[in-house]
Amino acid sequence: MTELILSLDVLDKTEACAIAKSCAPYIDAIKVGYPLVLATGLSIVRDLADLGLPLIADFKVADIPNTNRLICEAVFSAGFDAVIAHGFVGPDAARTCVEVAHSHGGAAYIVAEMSHPGATEFFHGGVAERIAELAVAVRADGIIAPATRPERIVRLREIIGKKTIYSPGVGAQGGDPDAVARLVDGIIVGRSIYAAEDPAAEAERLSRIRR
Ligand code: NUP
């Protein structure tokens, strides 16, 4: 069964908690990124922890190994269960994120290719494939691959085998959940859920169409 991951990119703590709570029965994890953490502080992790769902820190960590280590230590100490890191920084920096995640019993996912139109400028031409190979080499738990380009997911799957693929870009960015759900381990959905008139109803609908 493909997981449904709520991308909680709202800026108000009360609203974020209310949306997360109402969607909780239909989702498998919550992804929190800079918008929510910068607006509310890291304490939002404690507020969301009560729901009992895995919390993924989408900080796209992309620094030198030592700084990546400091960031990831802070992420897992705050109570996150997983972190998303960039792979273009190279194996030493990406491996640091994986090692810190695993030392905390958590997971690390490497961005292989992004979902927005401009991502093709640098990720295409073999780079995404090399990052996927790097994700395997550094023993990451999986990769992030674009729901906006299912054919690229198929290509990256050839490289990473059974490792997890989480895929953002469904809905607001144009990705079709029906086309993508059977290719990946989880779809990441933000605006289609949290900006819907009834977020819980939309989460419920998406939870039914995923395979
Ligand atoms: O390639 C990526 N594309 C993407 O949209 C990598 C990401 N981490 N994301 C994130 O997924 C993005 O920052 C946002 O938090 C979420 C998608 O949200 P939405 O387009 O469904 O609203």
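Residues numbered from 1 in each chain as written. Predicted model: local features only at pLDDT ≥ 70, side-chain atom pairs only at ≥ 80, totals over all residues. Heavy atoms only, no water.

A. Here's a closer look at the environment of Thr40. Mapping Thr40 onto the fold places it in helix 2 (residues 34-40). By relative accessible area, which is 17% here, Thr40 ends up buried. Between the C-alpha atom of Thr40 and that of Ala16, which follows or precedes it by 24 residues, the distance is 9.9 Å. If we ignore the near neighbours within four places in the chain, the residues touching Thr40 are Leu11 and Lys13. Polar side-chain contacts of Thr40 include one of 2.8 Å to the backbone oxygen of Leu36. (Helix = DSSP H or I, 4+ residues; strand = E, 2+ residues; numbered from the N terminus. Buried < 20%, exposed > 50% of the residue type's maximum accessible area, 1.4 Å probe, protein only. Contact = heavy atoms within 4.5 Å. Polar contact = N/O pair within 3.5 Å; in protein donor to acceptor, adjacent residues only side chain to side chain.)

B. Examining the packing of helix 1 (residues 13-23) against helix 11 (residues 199-209) more closely. Running from amino to carboxyl end, helix 1 crosses helix 11 at an angle of 40 degrees, the nearest separation of the two axes being 8 Å. Regarding the angle of helix 1 to helix 11, the classification is oblique. In the packing of helix 1 onto helix 11, the handedness of the crossing is right-handed. Taken together, the residues of helix 11 that come into contact with helix 1 (itself represented by Ile19, Ser22 and Cys23) are Pro199, Ala200 and Ala203. Each residue belonging to the contact of helix 1 with helix 11 can be placed in one class, and the counts come to five nonpolar, one polar and no charged. (Axes fitted to C-alpha atoms, helices over the stretch in contact; angles between N-to-C directions. Parallel < 35°, antiparallel > 145°, perpendicular 65-115°, else oblique. Left-handed = near helix turned anticlockwise from the far one by under 90°. Nonpolar A, V, L, I, M, F, W, Y, C, P; charged D, E, K, R; others polar.)

C. Just the pattern of salt bridges, in detail. Under the defined criterion, the tally for this structure stands at 11 salt bridges. Notably, a salt bridge pairs Arg205 with Glu202, separated by 2.9 Å at the nearest N-O pair. Of the two residues, Arg205 and Glu202 both sit in helix 11, three residues apart, roughly one turn of that helix. Across the pair Arg208 and Glu204 runs a salt bridge whose closest N-O atoms are separated by 3.1 Å. With Arg208 and Glu204 both in helix 11, this residue pair falls four residues apart, about one helical turn. The exposed category is assigned to Arg208, whose relative accessible area is 57%. Connected through shared salt-bridge partners, Glu113, Glu129, Arg149, Arg152, Arg155 and Glu158 make up one network. (Salt bridge = Lys/Arg side-chain N within 4 Å of Asp/Glu carboxyl O.)

D. Representation of the UniProt feature "active site" (unreviewed entry) in the protein within the structure. The feature "active site" (unreviewed entry), as given by UniProt, occupies Asp58, Lys60 and Asp63 in the numbering adopted here. By the secondary structure assignment, Asp58 is in strand 3 (residues 55-61). The contact partners of Asp58, leaving out residues within four places of it in the chain, are Lys31, Val32, Gly33, Tyr34 and Ile84. Note that Lys60 resides in strand 3. Among all residues touching Lys60, those that are not within four sequence positions of it are Ile84, Ala85, His86, Val111 and Met114. (UniProt positions renumbered as here; feature names shortened; annotations may be inferred.)

E. A look at helix 5 (residues 91-103). Helix length check: helix 5 (13 residues) gives 18 Å between terminal C-alpha atoms against 18 Å at 1.5 Å per residue, within 8%. When helix 5 is considered as a whole, its buried residues turn out to be Ala93, Ala94, Thr96, Cys97, Val98, Val100 and Ala101. The positive-phi residue at the C-terminal boundary of helix 5 is Gly105, with phi of around 75 degrees. (Expected span 1.5 Å × (residues − 1).)

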